[in-house]
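# Coordinate analysis (summary)
The primary structure of each chain is shown beneath.
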Amino acid sequence: MESTKSEPHRVLELFSGIGGMRMALEQAGKEFEIVSAIDVNPIANEVYKHNFGAKTARNGNILSLTAEKVTKLKVDTILMSPPCQPFTRNGKFNDINDRRSDPFLHICELLDKMPLVKFILMENVKGFENSQACEMYKARLREAGFHYQQYILSPHQFGVPNTRHRYYCIAKRNGTDFKWKSEEIITTPQAGCGAKQTLVGTIVDTQQDALEQYGLKSATLLKHLPLMDVCTPESTNSMCFTKAYTHYAEGTGSVYCPLSRQEFDKTYALAMGAEEDEDRKLSVLRELRVRYFTPKEVARLMSFPEHFSFPETVTNKQRYRVLGNSINVFVVSVLLHEL
């Protein structure tokens, strides 16, 4: 007897950004319809519409969303990635007292008034699990008849050459089982999730113009290169890319050198040996051809599909910012097998 085809999931994408959650649904092979995608960032919405059409994404204030509206849209799945700044050092860990938490807290208050919603996936920065907002969210989920599973995972654990530890929480209605269940926060991938090790060299473009446009300036080479994480083609990992990538030299993401690690180390040591002669030192450092990863390459490191692109009107600085605020598509696609 043929199995009846299930109806597509009716998905509400909140804090939708550039569409990472939607792409994760596609990668997971799920049948779905995005009934609405809401974000306050007009640049992110522009990128979303460029990739998925003008109909779905809208500039919207989540604080104006009502449970009646969600029910009227027949939403059964909510995917969301609320602002992480209230839960970070740069955001001063202001937690629920940070106004940027208000839209998420608003969603918490709606949870027990949305009876059609059966599945919620929420992503945030590692550290969110220790916040008051997290405790409030879990309490509201329990009150609304959900049980949940928590995870802290990074794409490098799945063979993707990028570190991006993030907190995830999947909530399902009581009585619906989890395929991947633990009393604790899950911190290691399950076997058989389709992970395979990829090298940084396989995701980079080799055109010479990348060096011209994205090469490190002389001052950065001399002053900051010793503190930067440099990837070579055989690297199996890179640093987490933040929205300040290229704006600040340290701690915002890795840079790329097309030489082998052995050649890099040898040439770098030669440059450091020319301590007194700055011109000579700079000349040798330039031989390394170190550059920033392009926005397209950062998107690949975040497991975005090859067809993903940016409108020409969006500047590189804006591209890095919206990518830095986004998710790793592959990790979320693995978690969406719970849907």
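Residues numbered from 1 in each chain as written. Predicted model: local features only at pLDDT ≥ 70, side-chain atom pairs only at ≥ 80, totals over all residues. Heavy atoms only, no water.

What follows deals with the sheet that holds strand β1 (residues 9–14). In a beta sheet, neighbouring strands are held together by backbone hydrogen bonds and run either parallel or antiparallel to one another. If you trace the seven strands from one edge of the open sheet to the other, you get β3-β2-β1-β4-β5-β7-β6, paired in mixed fashion. Two strands in the sheet have a free side with no partner beyond their single neighbour: β3 (57–59) and β6 (146–153). Strand-to-strand twist across the sheet, computed as the mean angle between neighbouring axes with direction ignored, equals 15°. As paired elements, strand β4 (residues 77–80) and strand β5 (residues 119–125) share four bridges and run parallel to each other. The residue bridging L79 from the neighbouring strand is L121, located in β5. Against the sheet, helix α1 (residues 20–27) touches β1, β2 (32–39), β4 and β5, its axis set at about 165° to β2. Where helix α2 (residues 42–52) meets the sheet, its contacts fall on β1, β2 and β3, and the angle it forms with β3 comes to roughly 160°. (Pairing = 2+ DSSP bridges. Helix = DSSP H or I, 4+ residues; strand = E, 2+ residues; numbered from the N terminus. Axes fitted to C-alpha atoms, helices over the stretch in contact; angles between N-to-C directions. Contact = heavy atoms within 4.5 Å.)

Our next topic: the pattern of salt bridges. Overall, the coordinates contain ten salt bridges when judged by the stated rule. Between R140 and E143 there is a salt bridge whose closest N-O contact spans 3.7 Å. Of the two residues, R140 and E143 both sit in helix α5 (residues 132–143), three residues apart, roughly one turn of that helix. Each member of the salt-bridge network shares a partner with another, and the members are E109, R140 and E143. (Salt bridge = Lys/Arg side-chain N within 4 Å of Asp/Glu carboxyl O.)

Count 3.6 residues to each turn of an α-helix, and residues three or four apart come out pointing the same way. Summarising burial for helix α4 (residues 102–110): eight of the nine residues are buried, a large majority. Close packing links the buried residues of α4 with β1, α3 (67–72), β4, β5 and α5. (Buried < 20%, exposed > 50% of the residue type's maximum accessible area, 1.4 Å probe, protein only.)

Burial in helix α9 (residues 278–286) covers these residues: K281, L282, V284 and L285. Taken around the axis of α9, the buried residues stretch over an arc of 165°, which confines them to a single face. Tucked into the core, α9 has its buried residues touching α7 (218–223) and α8 (261–273). (Arc of directions from axis to C-beta.)

Bringing the packing of α4 against α5 into the picture now. Between α4 and α5, whose axes approach to 9 Å, the crossing angle comes to 20°. Taken together, α4 and α5 sit at an angle that is classed as roughly parallel. Relative to α5, the crossing made by α4 is left-handed. Contact residues: α4 offers F104, L105, C108 and E109, while α5 offers A133, M136, Y137 and R140. A breakdown of the residues in the contact of α4 with α5 according to their chemical character gives six nonpolar, no polar and two charged. (Parallel < 35°, antiparallel > 145°, perpendicular 65-115°, else oblique. Left-handed = near helix turned anticlockwise from the far one by under 90°. Nonpolar A, V, L, I, M, F, W, Y, C, P; charged D, E, K, R; others polar.)

Attention now moves to unusual backbone geometry. Unlike most non-glycine residues, F15 shows phi in positive territory, near 50°. Its place among the elements puts F15 in the loop between β1 and α1. The class for F15 is buried, based on a relative accessible area of 11%. Even without being glycine, K74 reaches a positive phi, approximately 55°. Along the chain, K74 turns up in the loop between α3 and β4.

Let's shift gears to the sheet that holds strand β10 (residues 291–292). Pairing is mixed in the open sheet, where three strands are placed in the order β8-β9-β10. Of all strands in the sheet, those bounded by a partner on one side alone are β8 (230–231) and β10. Direction of pairing for strand β9 (residues 255–256) relative to β10: antiparallel, over a ladder of two bridges. Counterpart to Y256 in the pairing with β10 is R291.

With that settled, consider the UniProt feature "active site" (unreviewed entry) in the chain. In this numbering, the UniProt entry assigns the feature "active site" (unreviewed entry) to C84. Positionally, C84 belongs in the loop between β4 and α4. If sequence neighbours within four positions are ignored, C84 has contacts with N124 and V125. (UniProt positions renumbered as here; feature names shortened; annotations may be inferred.)

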